[in-house]
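Chain by chain, the residues run as shown.
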Amino acid sequence: MDIVVFGAGALGSLVGGLLAREHHVTLVARDPHAQRVAGQGLRVTGELDAHVRPRATTDPTPDDLTCDLALVTVKAYDTAEAARTLATGDSDVVCSLSNGLTEGALVAELGDRVLAGSATYGAELVGPGEVRCTGVGRIHVGELAGGESERAERVAAAFREAGLDCEADPAMPRRRWEKLAVNAGINAVTALARVENGALAEGPGRDVAHRAARETARVARADGVDLTDDAAVAAVDTVVDETAANRSSMLQDVLSGGRTEVDAISGAVVDRGADHGVATPTNRTLAALLRAWGADGITE
Ligand code: KPL
């Protein structure tokens, strides 16, 4: 399969690197990472091990973007811009693995080419040309509105051929909200406490993460998605366990002084909750703290 990974930061480099074991992959990344990958290849270290030679570019042409599958792994706040660039190429299918419920921005530019996706692999960019796998999670792909899908089955099979744990999921709306619950719990709490995901296996952080996940499930149900409190909490616990050594992407953003995805995660739960009249005090507090003391709140 001819695959473009648009936004090859930590997760995109990990998934793209693993896919490159079997498929023709182009990473759209930033320098100096792109330059190093183009020159010396990409090393996957940590819980998985590979050295692959995908193509890498900082500035894709419409030809680069013409492919069987475009995987979107940009930060949630960059989705609209990514969608506009991807629209200059001609990908058969576009699938987002970004955090947050970002598919709307992709559909606006790319229409029914868009599939929903969800990934719980832990990944950290160690430096240019090297990504560390800090937790073997899983990937789900499927139709935005749910239902059986031949093209999602095809994408999942291509991922599995490359050794990734991936399934087509006919209940993608639920899966997307479950992932939002995981991010609302794990990312927000680990970023504020500055701890690895495994620290949420016990103690007060676990309780706060569970509260944030339960609130997210309540908002999901008000939005018409059948996600129980117990399922949301169980999903948090599974990801904590599978990615114990991982520093969540939001913690990585805080530590590097980058912008966080607070608006697309805790902020999105609060906003959707407000639309439905569902109170979200835990997510509201986490969002306020992240905005005050996360990377976004730190000024020079
Ligand atoms: O999505 C994640 C993230 O870090 O953004 C996981 C790996 C699921 C939790 O850390």
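Residues numbered from 1 in each chain as written. Predicted model: local features only at pLDDT ≥ 70, side-chain atom pairs only at ≥ 80, totals over all residues. Heavy atoms only, no water.

### Description of the overall build of the chain
Point 1. Looking only at helices and strands, the chain features eleven helices and twelve strands.
Point 2. Projected onto its principal axes, the C-alpha positions of the chain cover 45 × 40 × 35 Å.
Point 3. Once local pairs closer than 6 in sequence are excluded, the contacts in the chain between residues at least 24 apart make up 67%.
Point 4. Of the roughly 12,200 Å² of accessible surface on the chain, 46% is carried by carbon and sulfur atoms.
Point 5. Charged side chains in the chain number 29 positive and 45 negative. The centres of these two groups are separated by 4 Å. (Helix = DSSP H or I, 4+ residues; strand = E, 2+ residues; numbered from the N terminus. Contact = heavy atoms within 4.5 Å. Areas by Shrake-Rupley, 256 points an atom, 1.4 Å probe, with all protein chains shown as cover. Lys, Arg positive; Asp, Glu negative; His and termini not counted. Charge placed at Lys NZ, Arg CZ, Asp CG, Glu CD.)

### Let's talk about the packing of helix 3 (residues 79–86) against helix 4 (residues 103–110)
Point 1. Where helix 3 meets helix 4, the axes come as close as 8 Å, and the angle between the chain directions of the two elements is 25 degrees. Comparing their axes, helix 4 and helix 3 come out roughly parallel. Here the hand of the crossing between helix 3 and helix 4 comes out right-handed. Residue-level contacts link Thr79, Ala80, Ala83, Arg84 and Leu86 of helix 3 to Ala105, Leu106, Glu109 and Leu110 of helix 4.
Point 2. Residues of the contact of helix 3 with helix 4, tallied by class, amount to six nonpolar, one polar and two charged. (Axes fitted to C-alpha atoms, helices over the stretch in contact; angles between N-to-C directions. Parallel < 35°, antiparallel > 145°, perpendicular 65-115°, else oblique. Left-handed = near helix turned anticlockwise from the far one by under 90°. Nonpolar A, V, L, I, M, F, W, Y, C, P; charged D, E, K, R; others polar.)

### Remarks on the nonpolar core
Point 1. Core analysis: the largest hydrophobic core is formed by 41 residues, its most contacted members being Leu19, Leu71, Ile139 and Phe159.
Point 2. Not counting residues within four places of it along the chain, the set of residues in contact with phenylalanine 159 comprises Val15, Leu19, Leu69, Leu71, Ile139, Leu164 and Cys166.
Point 3. Formed by 32 residues, the second largest nonpolar core is a distinct cluster that contains Ala209, Leu227, Val269 and Leu286. (Core = buried A, V, L, I, M, F, W, Y, C linked by side-chain atoms within 4.5 Å. Buried < 20%, exposed > 50% of the residue type's maximum accessible area, 1.4 Å probe, protein only.)

### Observations concerning helix 7 (residues 203–222)
Point 1. Counted at 1.5 Å a residue, the expected span for helix 7 with its 20 residues is 28 Å, and the 30 Å between its end C-alpha atoms agrees.
Point 2. Taken together, the buried positions of helix 7 are occupied by Gly205, Ala209, His210, Ala212, Ala213, Glu215, Thr216, Ala217, Val219 and Ala220.
Point 3. Turning to helix 7, the residues buried within the fold contact helix 6 (172–193), helix 8 (229–242), helix 10 (266–276) and helix 11 (281–293).
Point 4. One or two positions beyond helix 7, positive phi appears at glycine 224, with a value near 95 degrees. (Expected span 1.5 Å × (residues − 1).)

### Observations concerning the site of the ligand
Point 1. Around the ligand, a shell composed of Asn99, Thr120, Tyr121, Lys179, Asn183, Asn187, Asn197, Val239, Asn246, Ser248 and Ser249 is seen.
Point 2. Contact between the ligand and asparagine 99: an oxygen atom at 2.9 Å from a side-chain N or O atom of the residue.
Point 3. For the ligand, whose free accessible area comes to 280 Å², the fraction covered by protein is 94%.
Point 4. If you count residues domain by domain, the shell around the ligand takes at least three from each of domain 1 (2–170) and domain 2 (173–296). (Near = heavy atom within 4 Å. Polar contact = N/O pair within 3.5 Å; in protein donor to acceptor, adjacent residues only side chain to side chain. Domains from an automatic or database assignment.)

### Some words on the side chain of serine 266
Point 1. Its location among the elements puts serine 266 in helix 10.
Point 2. Owing to a relative accessible area of 0%, serine 266 belongs among the buried residues under this scheme.
Point 3. For serine 266, the residues in contact, after removing those within four places along its chain, are Ala188, Asn283, Leu286, Ala287 and Leu290.

### Describing the environment of glutamate 196
Point 1. Counting through the fold element by element, glutamate 196 comes out in the loop between helix 6 and helix 7.
Point 2. Given the relative accessible area of 42%, glutamate 196 is considered partly exposed.
Point 3. Between the alpha carbons of glutamate 196 and proline 54 there is a distance of 30 Å; along the sequence they are 142 residues apart.
Point 4. Residue contacts for glutamate 196: discarding those within four places in its chain leaves Thr190, Ala244, Ala245, Asn246 and Arg247.

### Comments concerning the sheet that holds strand 9 (residues 122–127)
Point 1. A sheet is described by the order of its strands in space; here four strands give the open sequence 4-3-10-9, paired in mixed fashion. Looking at strand neighbours, the two that pair on one side only are strand 4 (50–52) and strand 9, the edges of this open sheet. Strand-to-strand twist across the sheet, computed as the mean angle between neighbouring axes with direction ignored, equals 25 degrees.
Point 2. Alignment of strand 9 against strand 10 (residues 130–135), held across five bridges, turns out to be antiparallel. Bridge pairing links alanine 123 to cysteine 133 in strand 10. (Pairing = 2+ DSSP bridges.)

### A few points about the environment of valine 239
Point 1. Note on placement: valine 239 falls in helix 8.
Point 2. When its relative accessible area of 11% is taken as the criterion, valine 239 is described as buried.
Point 3. Sequence spacing of valine 239 and asparagine 183 is 56 residues, and the spatial spacing of their C-alpha atoms is 9.7 Å.
Point 4. Not counting chain neighbours up to four residues away, the residues in contact with valine 239 comprise Thr120, Val182, Ile186 and Ala244.

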